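Each chain, written out:
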Amino acid sequence: MSRKISVELASRVKDLPPYLFSTIDRMKKKALDRGIDLIDVSIGDPDMLTPGHIVRKMKKAVEKPEHHCYPSYEGMASFRQTASDWYKKRFRVSLNPETEIVSLIGSKEGIGHIPLAFINPGDIVLVPSPGYPVYPVAALFAGGKAYEMPLVKENNFLPDLKAIPAGIRRKSKIMFLNYPNNPTSAVANREFYKEIIKFALRNNIIICHDAAYSEIYYDNRRPLSFLQLPGAREVGIEFHSLSKTYNMTGWRIGFAVGNTKIIAGLGKIKSNLDSGIFQAVQEAGIAALKSKDSILEKIRNTYQERRDVLYSGLKDLGLEVEKPKATFYVWTKVPAGFDSTGFVSHMLNKAGVLATPGNGFGAPGEGYVRFALTVSIKRIKEAVDRIRKIL
Ligand SMILES: *Cc1c(COP(=O)(O)O)cnc(C)c1O
């Protein structure tokens, strides 16, 4: 008898798409081992601290014995009420905290789980490409198939709905969308959302709009909520996260809002899989959502200064750059003679600057790299200087 069992991964794990960042991860490790002074602009994680009033709220909340028990999966009533108030103030959208809001252990959790509620084997999930890698993986884990909707510059990085074949539309149950967009930094307008609602009604497709970057915007142009459009609540939900807005990526707190049946479906999955967010974190989340406007303005101003420096710096180098209206990403065409991976490794090995290759977000991202505005102005200037020398 063998003294070991044979550990075999399930096909859903074996079938995962190849991890396109693995080559880059290896190169990064090598570069760091050589002891280089790396400027890492590949990270989608704020370098700024969580605001002090949120941390102080957490410290007090941790001491409360009533927070030491299991929370409820749907979130404390006070947290959901605060999320509802925040939506009202920010978007003029009224939401019933009992039926139209569910708390999430970070929006990634909700995005990852929602196909489990609505996808049967063989059903299709429409996903943007380039896009957040969780959308296609969530489809796969639920037994569904992802169909990629290319986001290209000619269409302002919005999916071309007319290009989705009828056979695909028929089998589609969910569409993921994400504006302001990671990685392209594109935003969506009212007309686009109207088209989406029509498309959803005609084809009976659930819209899952990921609005993780709604508060990271520039030049005082505030992005819309999908739910501001008439009829949106009849076809979909919106995911929100405190991660990017309040520099709280490590805290794991977000929420989903919108259509009661879709929220209830997601809740059904959650009630069977998780037990909600630590209540002390929810109290901190309440403090975050009630922050003075000046707190977010300061964060936005910091990113805007960085954006201006990086955008004009890269333009001066002759690169074709999308000027972000929102998000902390700068989507940049690679210079002639390079592909995404080639240019990223050239910058890493010759300039000590690490960006993310666009093809890692899906095939239509080939030919682009993504810079993140998550380092100081001084380091951004230095990165531009170093890139100048290797072009
Ligand atoms: C960062 C990010 C998220 C989610 O983050 P959480 O920390 O899980 O809330 C969701 N969508 C996109 C596109 C992101 O970039």
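What counts as what
- Residues numbered from 1 in each chain as written.
- Predicted model: local features only at pLDDT ≥ 70, side-chain atom pairs only at ≥ 80, totals over all residues.
- Heavy atoms only, no water.
- Helix = DSSP H or I, 4+ residues; strand = E, 2+ residues; numbered from the N terminus.
- Expected span 1.5 Å × (residues − 1).
- Buried < 20%, exposed > 50% of the residue type's maximum accessible area, 1.4 Å probe, protein only.
- Contact = heavy atoms within 4.5 Å.
- Polar contact = N/O pair within 3.5 Å; in protein donor to acceptor, adjacent residues only side chain to side chain.
- Near = heavy atom within 4 Å.
- Areas by Shrake-Rupley, 256 points an atom, 1.4 Å probe, with all protein chains shown as cover.
- Salt bridge = Lys/Arg side-chain N within 4 Å of Asp/Glu carboxyl O.
- 1 Å grid on protein atoms, 1.4 Å probe; cavity = no way out; pocket = protein on both sides within 12 Å on 5 of 7 lines; lining within 4 Å.
- Points joined across faces, edges and corners; volume = space filled by probe spheres on them.
- Nonpolar A, V, L, I, M, F, W, Y, C, P; charged D, E, K, R; others polar.
- Axes fitted to C-alpha atoms, helices over the stretch in contact; angles between N-to-C directions.
- Parallel < 35°, antiparallel > 145°, perpendicular 65-115°, else oblique.
- Left-handed = near helix turned anticlockwise from the far one by under 90°.
- Phe/Tyr/Trp six-rings, centres within 6.5 Å; stacked < 30°, edge-to-face > 60°.
- Patch = residues over 30% accessible without salt bridge, like charges linked within 9 Å, V, L, I, M, F, W, Y side chains within 5 Å.

Draft legend 1. Focus on helix H10 (residues 260-273). With 14 residues, H10 extends 20 Å between its outermost C-alpha atoms, agreeing within 8% with the 20 Å of an ideal straight helix rising 1.5 Å per residue. Within H10 the residues assigned to the buried category are Ile-262, Ile-263, Gly-265, Leu-266, Gly-267, Ile-269 and Lys-270. Contact partners of the buried residues in H10: strand E2 (101-104), helix H5 (107-118), strand E6 (206-210), helix H9 (232-235), strand E7 (236-241) and strand E8 (254-258). Near the N-terminus of H10, the side chain that reaches the backbone nitrogen of Lys-261, with its oxygen 2.9 Å away, is that of Asn-259.

Draft legend 2. Geometry of the site of the ligand. In the vicinity of the ligand, 14 residues are found, and the nearest of them are Asp-210, Tyr-213, Ser-241, Ser-243 and Lys-244. Here Ser-243 contributes a side-chain N or O atom positioned 2.5 Å from an oxygen atom of the ligand. The contact in question runs from an oxygen atom of the ligand to an N or O atom on the side chain of Arg-252, over 2.7 Å. For the ligand, the protein covers 94% of the area, taking 390 Å² as the surface of the free molecule.

Draft legend 3. Here's a closer look at the environment of Val-93. Residue position: Val-93 is located in the loop between helix H4 (77-91) and E2. Measuring from C-alpha to C-alpha, the distance between Val-93 and Ser-225 comes to 8.7 Å, with 132 residues separating the pair along the chain. Excluding its chain neighbours within four sequence positions, the residues that come into contact with Val-93 are Ser-84, Tyr-87, Lys-88, Leu-227, Gln-228 and Arg-233.

Draft legend 4. Structural detail: unusual backbone geometry. Look at the link from Ser-129 to Pro-130: it is a cis peptide, with omega at 5 degrees. Looking at where Pro-130 falls in the secondary structure, it is placed in the loop between strand E3 (124-129) and helix H6 (134-141). Residue Tyr-179 is joined to Pro-180 through a cis peptide bond whose omega torsion reads -10 degrees. Here the phi dihedral of Asn-156 falls at roughly 55 degrees; this positive angle occurs in a residue that is not glycine. For Asn-156, the position within the fold is in the loop between strand E4 (145-150) and helix H7 (166-171). Classification of Asn-156 as exposed rests on a relative accessible area of 54%. One non-glycine residue with positive phi stands out, namely Asn-247, at about 55 degrees.

Draft legend 5. Representation of the environment of Lys-194 in the model. The residue Lys-194 is located in helix H8 (residues 190-203) in this model. With a relative accessible area of 41%, Lys-194 lands in the partly exposed category.

Draft legend 6. Here's a closer look at the pattern of salt bridges. Applying the stated criterion to the full structure yields 22 salt bridges. A salt bridge links Asp-47 to Arg-306; the shortest N-O distance between them is 2.9 Å. Of this pair, Asp-47 sits in the loop between strand E1 (39-40) and helix H3 (52-62) while Arg-306 sits in helix H12 (residues 293-316); the two residues are 259 residues apart in sequence, bridging distant segments of the chain. For Lys-270, the salt bridge goes to Glu-109, with nearest N and O atoms at 2.7 Å. Of this pair, Lys-270 sits in helix H10 while Glu-109 sits in helix H5; the two residues are 161 residues apart in sequence, bridging distant segments of the chain. Grouping residues by exposure puts Lys-270 and Glu-109 together as buried. A single network of salt bridges, built from pairs that share partners, joins Asp-37, Arg-379, Glu-382 and Arg-386.

Draft legend 7. Structural context of empty space enclosed by the protein. Counted by the stated rule, this structure contains three cavities of 30 Å³ or more. Of the volumes computed, that of the largest cavity is approximately 50 Å³. Around the largest cavity, the lining residues are Trp-86, Ser-214, Glu-215, His-240, Ser-241, Leu-242, Thr-245, Tyr-246, Phe-255 and Leu-289. Grouping the constituent residues of the lining of the largest cavity by class yields five nonpolar, four polar and one charged.

Draft legend 8. Just the packing of H4 against helix H11 (residues 279-289), in detail. Viewed as axis vectors pointing N to C, H4 and H11 meet at an angle of 20 degrees, and their least axial separation amounts to 9 Å. The angle between H4 and H11 falls in the class roughly parallel. Relative to H11, the crossing made by H4 is left-handed. Between H4 and H11, the residues in contact are Ser-78, Phe-79, Thr-82, Ala-83 and Trp-86 and Gln-282, Gly-285, Ile-286 and Leu-289, respectively. Here the contact of H4 with H11 is composed, by residue class, of five nonpolar, four polar and no charged.

Draft legend 9. Fine view of the packing of aromatic side chains. One pass over the full model with this rule turns up 19 aromatic pairs. Consider the rings of Tyr-87 and Phe-91, whose centres lie 5.0 Å apart with planes at 50 degrees: the pair is tilted. In this pair, Tyr-87 and Phe-91 are both assigned in helix H4, four residues apart and thus about one turn of the helix distant. Given the relative accessible area of 0%, Tyr-87 is considered buried.

Draft legend 10. Region of interest: a nonpolar patch on the surface. Residues Leu-9, Val-13, Leu-16 and Phe-141 make up a contiguous nonpolar surface patch of roughly 320 Å² in combined accessible area. Within the secondary structure, Val-13 is located in helix H1 (residues 11-14). With relative accessibility at 31%, the residue Val-13 sits in the partly exposed group.

Draft legend 11. Spotlight on the side chain of Ser-340. Take Ser-340: it is sitting in helix H13 (residues 340-351). At 2.8 Å, the side chain of Ser-340 and the backbone oxygen of Tyr-368 are in polar contact. The residues contacting Ser-340, other than those within four sequence positions of it, are Val-334, Pro-357, Gly-358, Asn-359, Gly-365, Glu-366, Gly-367, Tyr-368 and Val-369.

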